[in-house]
Amino acid sequence: MVGRNLNQLNKRMNSLWQKRNLIVDNFIKEKNLKLVITDIRNIFYFPFNKQQNYNIQDIASRWQEFFDEHNDYNDFVYHLYLHIPFCKHRCTCCNYYSIEPRNIKQIFVFLKYLNKQIKFFKPVFKNISFKTLFLGGGSPSVLSADELNFLFKILNSSFNLKDTVKIFEANPSDLNKEKLKILKKFNIHKLSLGVQSLDSDVLNKLNRNYQKYKQICRVAELIKEYNFNKFNIDLLLGLKEQNANTFIKTLKLILQLYPNSITLYSLTPTQLYLNQYFNSNIDLFYKKYIELIKDLENNIEPVLKEFGYVMDSSLDKLLTAEVTLKKLNDQSFSGIGELYNDFSNKKEALLGLGPSARSYIYGKLNYKQKPEIRLKYDLLSDDYMGNKLELRDEMVKYIVKDVFDNQQIDLYKFKKIFNKDLEGVFKHEITALDKANKIFIRDDKLKFKYNNIEDLFKATIFFLDENQIINVMNNFRDN
Ligand SMILES: C[S@@+](CC[C@H](N)C(=O)[O-])C[C@H]1O[C@@H](n2cnc3c(N)ncnc32)[C@H](O)[C@@H]1O
Ligand code: SF4
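Here the structure is a predicted model, which means the values were calculated and not measured. (Residues numbered from 1 in each chain as written. Chains lettered and ligands numbered in written order. Predicted model: local features only at pLDDT ≥ 70, side-chain atom pairs only at ≥ 80, totals over all residues.)

With respect to spatial proximity, 18 residues lie near ligand 1, and among them N95, S139, N171, G194 and D234 are the closest. Of all the secondary structure elements, the ones that give two or more residues to the shell around ligand 1 are β3 (132-137), β5 (188-196) and β6 (230-237). (Near = placed C-beta within 6 Å. Helix = DSSP H or I, 4+ residues; strand = E, 2+ residues; numbered from the N terminus.)

Encoded structure:
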């Protein structure tokens with residue numbers, strides 16, 4: 001009898017592995033795997049579960065429920081994100097939601113709406129101190145001096161931002177002395193400038209030929225004069241017309257400005273960009289991209305050394321994450337870390353405001369404001385889309401992050417965070433992985449046997465159930 005049960009269990013475990021493997025395999029065949037790998041970091045945000053519409057009242061109620069249910073709500077780390085959905089000129093490559101404002105009235109209407117939205121959430125968050133405030137977009141820097149003052153006044157009077165680390169994303173072409181003074185007064189801690197490239201051919205294809213190095217130099221000087229704690233510059237890799245030589249030229253010009261950090265992003269090509277410049281062919285894009293990275297691997301180090309900078313990881317990490325170039329021994333990095341970007345597998349929650357902003361109520365709801373700007377805003381319309389979360393989903397999120405970052409699951413830490421044994425909660429998954437000879441345990445760590453990123457991807461996604469895998473996969477397809 002026992003033997004028969006064991007046999008049945010064995011069969012079930014085999015089929016669990018086969019079933020989930022098959023879903024992922026079919027998907028990988030259907031869609032280019034490289035895109036999957038690029039996108040995997042987004043898995044933490046992807047709806048595991050079914051999507052539903054919500055209005056602002058529903059959303060506020062979920063937050064209130066969360067605070068009421070968690071006596072320990074003060075042990076959580078809270079982040080606030082504001083999405084300013086405007087750019088003076090849209091770059092052809094951009095995958096963020098923003099529009100070129102038709103007139104100043106459009107920005108005014110948006111700010112009035114944001115004001116109402118902030119006031120609506122104010123009472124719900126009255127006991128909460130935010131650890132970070134990230135003003136992103138789009139380009140929050142398009143706001144005029146008066147508009148920035150208006151926004152900061154609302155924020156200061158609505159939320160507890162006394163000890164908050166504040167980060168502001170800017171297009172350097174929008175900045176001037178007056179705006180920088182206002183940012184400094186609001187205590188912006190980190191100012192991050194999007195530059196992308198300084199090569200005129202690349203900029204032309206980007207619709208960014210308004211950008212001038214002289215202006216960037218002036219802004220960099222002012223940033224130093226006002227003594228912002230951190231000054232970062234973003235560059236993009238994989239752009240049309242880019243090659244290792246022109247990239248190194250750009251990099252040298254940027255290094256002469258001595259920012260605290262330079263963040264290198266690999267382009268996630270939008271369909272529009274692929275259609276425009278790569279014959280709608282993603283393989284062509286990746287072929288060029290991989291050539292560029294190979295060429296750069298050979299000659300980036302001496303340049304960094306010359307300017308006293310180091311890379312936080314090798315360039316081959318670029319497909320799955322950004323790479324940061326940092327000044328050697330830069331004190332401004334100690335103790336602060338990249339708090340917002342690290343929103344991941346910890347007890348954290350995020351309130352996002354503005355079109356396309358994502359939010360996260362731990363163990364309860366993962367939602368996004370719909371990306372649209374309207375002339376008439378009605379606070380109570382169904383402006384949000386979200387999916388419910390359970391504690392088990394938080395566990396999966398923790399696992400996915402741990403496996404992808406460290407290629408293992410720390411069983412001790414898992415137990416400490418969730419007060420449960422991993423082997424107890426995910427008994428079937430672990431038995432099936434073990435039977436398929438994909439894992440082993442050493443030093444309280446569950447380790448994975450894998451030959452390539454595809455194997456690791458499969459092992460990671462394995463902890464989601466079949467419906468969740470299908471939801472995540474459909475999301476990859478839609479994005
Ligand atoms: C929201 S933008 C803010 C920067 C600012 N608006 C600017 O570009 O001047 C943040 C960063 O995202 C990066 N980015 C834009 N489009 C991207 C894409 N398709 N794939 C990867 N990164 C992208 C750029 O490096 C950009 O600096
Ligand atoms: S990269 Fe920056 S400036 Fe360009 S469209 Fe995107 S958000 Fe706007």
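Attention now moves to the pairing of β3. Along β3, 6 of the 6 residues are buried, which leaves the element largely enclosed by surrounding structure. Burial along β3 is two-sided: T132, F134 and G136 facing one way and L133, L135 and G137 facing the other are all buried. Pairing between strand β2 (residues 77-84) and β3: 6 bridges, direction parallel. Across the sheet, the residue bridging to H79 is T132, located in β3. Running through helix α4 (residues 104-121), the crossover from β2 to the neighbouring parallel element β3 is right-handed. Inspection of the sheet shows β3 paired to strand β4 (residues 165-170) by 4 bridges, in the parallel sense. When the sheet's bridge partners are listed, L133 is paired in β4 with K166. A crossover connection joins β3 to the parallel β4 through helix α5 (residues 145-158); in handedness this β-α-β unit is right-handed. (Buried ≥ 20, exposed ≤ 12 C-beta atoms within 10 Å, placed from the backbone. Pairing = 2+ DSSP bridges. Right-handed = clockwise from strand over helix to strand, strands pointing away.)

Attention now goes to the sheet that holds strand β14 (residues 408-410). Taken in spatial order, the 3 strands of this open sheet run β14-β16-β15, and their pairing is antiparallel. The outermost strands of the open sheet, each flanked by one partner alone, are β14 and β15 (439-442). When the angles between neighbouring strand axes are averaged without regard to direction, this sheet yields 20°. Of the pairings in the sheet, the one linking β15 to strand β16 (residues 445-448) comprises 4 bridges and is antiparallel in character. If you follow R442 over to β16, its bridge partner there is K445. (Axes fitted to C-alpha atoms, helices over the stretch in contact; angles between N-to-C directions.)

Residues in contact with ligand 2, as listed here, are C87, R90, C91, C94, Y96, S98, G137, G138, S139, N171 and G194. Considering only residue class, the shell around ligand 2 consists of 4 nonpolar, 6 polar and 1 charged. (Nonpolar A, V, L, I, M, F, W, Y, C, P; charged D, E, K, R; others polar.)

Running from N to C, α4 and α5 point in directions that differ by 5°, and their axes come no closer than 10 Å. One element, α4, and the other, α5, form an angle in the roughly parallel class. Residue-level contacts link I107, L111, N115, I118 and K119 of α4 to E147, F150, L151, I154, L155 and S158 of α5. Grouping the constituent residues of the contact of α4 with α5 by class yields 7 nonpolar, 2 polar and 2 charged. (Parallel < 35°, antiparallel > 145°, perpendicular 65-115°, else oblique. Contact = placed C-beta atoms within 7 Å.)

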